[in-house]
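Close look at the chain arrangement
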Amino acid sequence: LTGHKLPTGYPARRAWLRVIVRAGNEVVFRSGEPDEQGRIRGVADERALPHVDRVTSAEQVVVYECVPVDTDGKPTTHLTRMVAMGKDNRLLPKGWRADGPEVAHTASRGTEHDPDFTGGEDVVHFALAIGADERRRLTVLVTLLYQSVPPAWVDPLREVDTPEARSFVAMYDAMPQEPETLALAVELVD
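The structure reproduced in this document is the subject of the present report. Everything quoted here is computed from the prediction, not taken from an experiment. Each chain has its residues counted from 1, running along the sequence as written. Predicted model: local features are reported for residues with pLDDT of at least 70 only, side-chain atom pairs are reported and counted for 80 or more only, and whole-chain, interface and lining totals are derived from all residues. Working from all heavy atoms in the structure, the side-chain values ignore hydrogens and water.

**A word on the packing of aromatic side chains**
Pairing of aromatic side chains here covers Phe, Tyr and the six-membered ring of Trp, requires ring centres within 6.5 Å, and sorts the geometry by plane angle: under 30 degrees stacked, over 60 edge-to-face, intermediate tilted. With the rule as written, the count across this model stands at two aromatic pairs. Ring geometry for Phe29 versus Phe126: centroids 6.5 Å apart, planes at 80°, classification edge-to-face. Separated by 97 residues along the polypeptide, Phe29 in strand β2 (residues 26-31) and Phe126 in strand β8 (residues 125-126) bring together distant segments of the chain. For helices the rule is a DSSP run of H or I covering at least 4 residues; for strands it is a run of E covering at least 2, with both sets numbered from the N terminus onward.

**Observations concerning the layout of surface pockets**
Cavities and pockets are found on a 1 Å grid laid over the protein atoms alone: a cavity is a set of points where a 1.4 Å probe fits but cannot escape, a pocket is an open set with protein on both sides within 12 Å along at least five of seven lines, and a lining residue has an atom within 4 Å of such a point. Grid points are joined across faces, edges and corners, and a volume is the space filled by probe spheres set on the points. Computed from the structure, the largest pocket encloses a volume of approximately 280 Å³. Along the walls of the largest pocket sit Tyr146, Gln147, Ser148, Val149, Phe168, Tyr172, Met175, Pro176, Gln177, Glu178, Pro179 and Glu180, which together make up its complete lining. What the second largest pocket holds in volume is close to 200 Å³. Lining the second largest pocket are Leu17, Tyr64, Leu91, Glu121, Asp122, Val123, Val124, Phe126, Val142 and Leu144.

**Quick word on the pairing of strand β9 (residues 138-147)**
In terms of burial, β9 is largely enclosed, as seven of its 10 residues are buried. Strands qualify as paired when DSSP identifies two bridges or more between them. Relative to β9, strand β1 (residues 14-23) runs antiparallel, the two being bridged by 10 bridges. The residue bridging Ala15 from the neighbouring strand is Tyr146, located in β9. Two strands pair when backbone bridges link them, and β9 and strand β10 (residues 180-189) are joined in this way by nine bridges, in the antiparallel orientation. By the bridge assignment for β10, Leu138 is matched with Val189. Residue burial is assigned from relative accessible area. The probe radius is 1.4 Å, only protein chains are included, and a residue is buried under 20% of its type maximum, exposed over 50%, and partly exposed in between.

Quick look at the structure:
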């Protein structure tokens, strides 16, 4: 129920879905799990994740973020090189309308083929092969996680030899890298 997109503010901020499906005590599917450094496990380049409407494998992670691009159209984390948004699938505020004011500046980018990405919500579809015994009761745990500064935004600063960059990296490294939990849902599926 914000008046802005979620996450809002500095372009590095991101939110994503961690999805765990269990059959009894056995984990049969896992996606979006963060590691100890705050990176998303199984994702090679966190700066180039497309918007996902239909998840069919653990490598597909639903990440809500804006991805600035440089003059060559490549993702960048350098504020001075950002010229446009290549992707902006941050969750739109409830009440946002395609015919509303300032649509050119507030519309999402990269969600054009997702008909249920609308003001205030996004429906994500999962089509998963979970094993031969389909009669098992499943527990689906979905967590909306948040990071204000993901590792991919700090990594380039590690090579900048200025007191400010060294100080920021030292402060970042001293903090726990566990993402914040914004929401949690549990569903039992027969």
